[in-house]
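So the chains spell out like this:
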Amino acid sequence: MIKFDLIYDADFLDQSYKQASKDILQQIKQEISDGASGYYNLPYESQDLIDKVQAYGNAFKHINTIAVIGIGGSSLGTKAIYEFLRHKTKNTKKIIFFENPDPIDITEKFMAIDKNSTQFLLISKSGSTVEPMSIFKAIIYNFNLKIDNNENIIAITDHDSALYKFADKHNIKTFTLKDNVGGRFSVLSSVGIVPLTLAGFDTKKILDGAVETLESFLNGDTKHIFDKAINLAQNKDKHPINVIFSYSNTLKEFTQWYVQLWAESLGKIDKDSKRTGLTPVGHIGAVDQHSFLQLIIEGPRDKTVTFIKIDDFENSLHVPKYTLDYIQKSDYINGHTFNELINAECDATMQSVHEQGVNVDIITLDKINEENIGELIMYYELLTSAVGIMLNINTYNQEGVELGKRILVKKFQN
Ligand code: PA5
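Residues numbered from 1 in each chain as written. Predicted model: local features only at pLDDT ≥ 70, side-chain atom pairs only at ≥ 80, totals over all residues. Heavy atoms only, no water.

Spatial ordering of the open sheet is given by β1-β12-β11-β7-β10, a layout of 5 strands whose pairing is mixed. Edge positions in the sheet fall to β1 (2-7) and β10 (279-284), since each has one partner strand and no second. Averaged over all pairs of adjacent strands, the angle between their axes in this sheet comes to 15 degrees, without regard to strand direction. As judged from the 6 bridges shared by strand β7 (residues 241-246) and strand β11 (residues 303-310), these two strands associate in the parallel manner. Bridged to Asn-242 within β11 is Thr-304. (Pairing = 2+ DSSP bridges. Helix = DSSP H or I, 4+ residues; strand = E, 2+ residues; numbered from the N terminus. Axes fitted to C-alpha atoms, helices over the stretch in contact; angles between N-to-C directions.)

Listed below in structure tokens is the structure:
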């Protein structure tokens, strides 16, 4: 269960929001019916996929590691869920993510892999992204993998992409995703469901959580999504930076996923040819209280802050009742749990930020579980779509990143 509280100042709330909420809901329902974006259907469509993947995975009992080779939308969402649930899900397989073409990172990961007990998942929606394709070539070379009929390789890609054709030619198992599911909205498609299910996570529960958020949104029950989207969009010039402060290391990768979702979806040229966007910043509390917080408190008033906390970490580790010579100042926390400490830090920081006139909101997860991460993912996807509608942009394309790719190709051709 997740609780959402917006703690906005009155002048931040715009009176016209009733009409704007109606417009958002209507447009999202339109996007669903005309298929402008397919992510809305994934919590239902992917249910069948889970059964298929489980049946497939049962034949590979010797596999103990899943290597995901993908970047951006093809890895970040899976990583967010994996890092959130990993510590509490027993008997799951290890997932190793090959994302960056960093030779040191790749070499270290090679050393952690036994090719006979690893399933290699090459994931690319477009099927031709240079980073995963180059890493895949290095994997084939390093582990001397055969390509034809190799059951330890799986491709996840759009139907008819270059990768799809490659896999088809070499008789490699393939899972597809639909054209209208964009990379950064694809975590609940085969892109995230296949690796997480193969690794042994309860992906059905993740989808159940997403369904819950989606249905209450479509019924108009999630007023907080509308309010937040409208206020963020209407105040984009005054508060163009949106900071997430997540109070748990388990949410570190989730904040990275949010940064991609927000930046690639909302940084656009709008329908009136004006540059627009909101800037996402992802931080982890309490660690980043000791760095970025100063800028929020005393720096320009150009930010809003979302705090995310977990009520019950289901962990009783506590601060022992020790008094250390000369260091008695911190004894007030003695005997309390770390769960209490991290959440009290979240509350205290939120109060201090709000008292300085910064608009904040808080998302509270009761526990770390599959349903909650599904809910949270769908919440942020819907919020992104809603803000995109308010900004009058195409949320689902990413033409801005294409130029760099073209320049890269030229660099190697000359
Ligand atoms: O959201 C997006 O579309 C991008 O971030 C892509 O996910 C990223 O560029 C990787 O592309 P692909 O999955 O086609 O390899």
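Annotation of the protein chain at the domain level lists domain 1 (2-33 + 206-399) and domain 2 (36-201). Domain 1 and domain 2 are separated by 28 Å when their C-alpha centres are compared. If you look at the interface, domain 1 gives 39 residues, while domain 2 gives 29 residues. With both chains or domains summed, domain 1 and domain 2 bury close to 3,000 Å², and 68% of this area falls on carbon and sulfur atoms. Across the domain 1-domain 2 interface, the total number found is 3 salt bridges. Between Lys-79 and Glu-253 there is a salt bridge whose closest N-O contact spans 3.7 Å. The interface formed by domain 1 and domain 2 includes 14 residue pairs in polar contact (both at pLDDT 80 or more). Residue composition of the side of domain 1 that touches domain 2, by class: 19 nonpolar, 10 polar and 10 charged. (Domains from an automatic or database assignment. Contact = heavy atoms within 4.5 Å. Buried area = accessible area lost by both parts, 1.4 Å probe. Salt bridge = Lys/Arg side-chain N within 4 Å of Asp/Glu carboxyl O. Polar contact = N/O pair within 3.5 Å; in protein donor to acceptor, adjacent residues only side chain to side chain. Nonpolar A, V, L, I, M, F, W, Y, C, P; charged D, E, K, R; others polar.)

As a matter of local geometry, the ligand sits amid 13 residues, with Ser-74, Ser-124, Ser-126, Thr-129 and Gln-260 nearest to it. A distance of 2.8 Å separates an oxygen atom of the ligand from a polar atom in the backbone of Gly-73. Side-chain polar atom of Ser-124 to an oxygen atom of the ligand: 2.7 Å apart, as the coordinates give it. Computed on the free molecule, the ligand has an accessible area of 380 Å², of which 88% lies beneath the protein chains in the complex. Structurally, the shell around the ligand is a two-domain feature, drawing no fewer than three residues from each of domain 1 (2-33 + 206-399) and domain 2 (36-201). (Near = heavy atom within 4 Å. Areas by Shrake-Rupley, 256 points an atom, 1.4 Å probe, with all protein chains shown as cover.)

A separate point is helix α13 (residues 370-391). In an α-helix there are 3.6 residues to a turn, and that puts residues three or four apart on one side. The first and last C-alpha atoms of α13 sit 32 Å apart over 22 residues, in line with the 32 Å expected at 1.5 Å per residue. With 20 of 22 residues buried, α13 is to be regarded as a mostly interior element. With a side-chain oxygen lying 3.4 Å from the backbone nitrogen of Glu-371, the N-terminal cap of α13 falls on Asn-369. Immediately downstream of α13, the backbone of Asn-392 shows phi near 65 degrees, a positive value. (Expected span 1.5 Å × (residues − 1). Buried < 20%, exposed > 50% of the residue type's maximum accessible area, 1.4 Å probe, protein only.)

Across the sheet, 5 strands lie side by side as β3-β2-β4-β5-β6; this open sheet has parallel pairing. Each edge of the sheet is formed by a strand with only one pairing partner; in this case those strands are β3 (94-98) and β6 (173-177). Neighbouring strand axes in the sheet, compared pairwise and without regard to direction, differ in orientation by 20 degrees on average. In the sheet, strand β2 (residues 65-69) pairs with strand β4 (residues 118-123) via 5 bridges, with the strands oriented parallel.

Here we come to the pairing of β6. With 5 bridges connecting them, strand β5 (residues 153-158) and β6 associate as parallel partners. Each residue of the ladder has a partner; that of Ile-154, found in β6, is Lys-173. Running through helix α6 (residues 162-169), the crossover from β5 to the neighbouring parallel element β6 is right-handed. (Right-handed = clockwise from strand over helix to strand, strands pointing away.)

On the surface, a cluster of nonpolar side chains totalling about 560 Å² of accessible area is made up of Tyr-322, Leu-324, Tyr-326 and Ile-327. Structurally, the position occupied by Tyr-322 is in the loop between β11 and α12 (338-355). Taking the relative accessible area as the measure of exposure, Tyr-322 reaches 58% and is therefore exposed. (Patch = residues over 30% accessible without salt bridge, like charges linked within 9 Å, V, L, I, M, F, W, Y side chains within 5 Å.)

Moving on, we come to the packing of helix α2 (residues 42-57) against helix α8 (residues 203-218). Interhelical geometry of α2 versus α8 gives an angle of 165 degrees and a closest axis separation of 9 Å. Taken together, the axis directions place α2 and α8 in an arrangement best described as roughly antiparallel. Between α2 and α8 the crossing geometry is left-handed. Along its contact with α2, which presents Leu-42, Pro-43, Tyr-44, Ser-46, Gln-47, Ile-50 and Asp-51, the element α8 presents Thr-203, Lys-204, Leu-207, Asp-208, Ala-210, Val-211, Leu-214 and Glu-215. Looking at the contact of α2 with α8, its residues break down into 8 nonpolar, 3 polar and 4 charged. (Parallel < 35°, antiparallel > 145°, perpendicular 65-115°, else oblique. Left-handed = near helix turned anticlockwise from the far one by under 90°.)

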